[in-house]
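Chains, contacts and geometry: an overview
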Amino acid sequence: MKAFPFPQRWQSLATQDRRALTLAAVVLAALAVWQWGIAPAWRTVQTAPAQLDQARGQLQRMQTLAQEAHSLQAQGNAPAGNRPETLAAIQQVTQQTLGTNAQVLPQGDRVRVNLTEVSGPDLATWLAQLRGLARVSVQEVQIQVANASGNGSRWNGMVLLAGTGLQNP
């Protein structure tokens, strides 16, 4: 097997050609180092702060959800309130928030609340207060705009509540 005649070929080139080939090899090597060594690391350094902020936001949301889950589990482990107490609590929250614009109608293991001309903010407040009642949740909502005016919309419809706090013993 014959050896590759690179050293002899190199020496036979003119000095100017050797310099040009050396410069081309250096440029190619520098390009390769940049392309596969420095550029990926540089991109990582540039995008890391945004990714870190995004990860922190996700962590915060997960921690909030975990706290909410623990709170709901604690409510779930609490002894079930009896039906009369739960109905009284629903009636009280409804009267305090919605007044005469709502009617509470027990129906077996559920409670139907009829809404008449209820404002959007009052409805949102009432739903938030219901969420705080242990063992009660909204099962169905059917509402439509009754009156849309410059002072805000009014809503008609019904909300169906259910949960273990409403079940007969």
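Report follows, based on the coordinates. The structure presented is a predicted model; accordingly, all values stated were derived computationally and were not measured. (Residues numbered from 1 in each chain as written. Predicted model: local features only at pLDDT ≥ 70, side-chain atom pairs only at ≥ 80, totals over all residues. Heavy atoms only, no water.)

1. Focus: the pairing of strand β1 (residues 102-107)
Pairing of β1 with strand β2 (residues 110-119), which is carried by 6 bridges, proceeds in the antiparallel orientation. Bridge pairing in β2 places V104 opposite V113. If you look at the hairpin formed by β1 and β2, you'll find 2 residues sitting between the two strands, and G108 has a positive phi there, around 65 degrees. (Pairing = 2+ DSSP bridges. Helix = DSSP H or I, 4+ residues; strand = E, 2+ residues; numbered from the N terminus.)

2. A look at the nonpolar core
Within the largest apolar cluster, 18 residues are counted, with the highest numbers of intra-cluster contacts made by I90, V111, V113, L115, W126 and L161. Broken down by secondary-structure element, the contributors of at least two residues to this core are α3 (83-98), β1, β2, α4 (120-132) and β4 (152-162). Other than its neighbours up to four places away in sequence, V111 contacts L87, I90, V104, L105, P106, V159, L160, L161 and L166. (Core = buried A, V, L, I, M, F, W, Y, C linked by side-chain atoms within 4.5 Å. Buried < 20%, exposed > 50% of the residue type's maximum accessible area, 1.4 Å probe, protein only. Contact = heavy atoms within 4.5 Å.)

3. Here we look at α3
Along an α-helix, residues three or four apart share an orientation, since each turn contains 3.6 residues. The terminal C-alpha atoms of α3, which comprises 16 residues, lie 22 Å apart, in line with the 22 Å expected from a rise of 1.5 Å per residue. Residues of α3 that are buried include every one of R83, T86, L87, I90, V93, T94, T97 and L98, and no others. Here the buried residues of α3 occupy an arc of 130 degrees about the axis, which is enough to place them on one side. With respect to the buried face of α3, the exposed residues turned more than 90 degrees away are P84, E85 and Q96. At its buried positions, α3 is contacted by β1, β2, α4 and β4. With its phi angle positive at about 60 degrees, G99 sits one or two positions after the end of α3. (Expected span 1.5 Å × (residues − 1). Arc of directions from axis to C-beta.)

4. Here we look at the side chain of T94
Considering the arrangement of structural elements, one finds T94 in helix α3. Residues contacting T94, with those up to four places away along its chain left out, are G99, A102, V104, V113 and W126.

5. Description of a nonpolar patch on the surface
On the surface, V33, W34, I38 and W42 cluster together to form a nonpolar patch covering roughly 430 Å² of accessible area. Positionally, W34 belongs in helix α2 (residues 15-77). Relative accessible area serves as the criterion here: at 42%, W34 is assigned to the partly exposed category. (Patch = residues over 30% accessible without salt bridge, like charges linked within 9 Å, V, L, I, M, F, W, Y side chains within 5 Å. Areas by Shrake-Rupley, 256 points an atom, 1.4 Å probe, with all protein chains shown as cover. Salt bridge = Lys/Arg side-chain N within 4 Å of Asp/Glu carboxyl O.)

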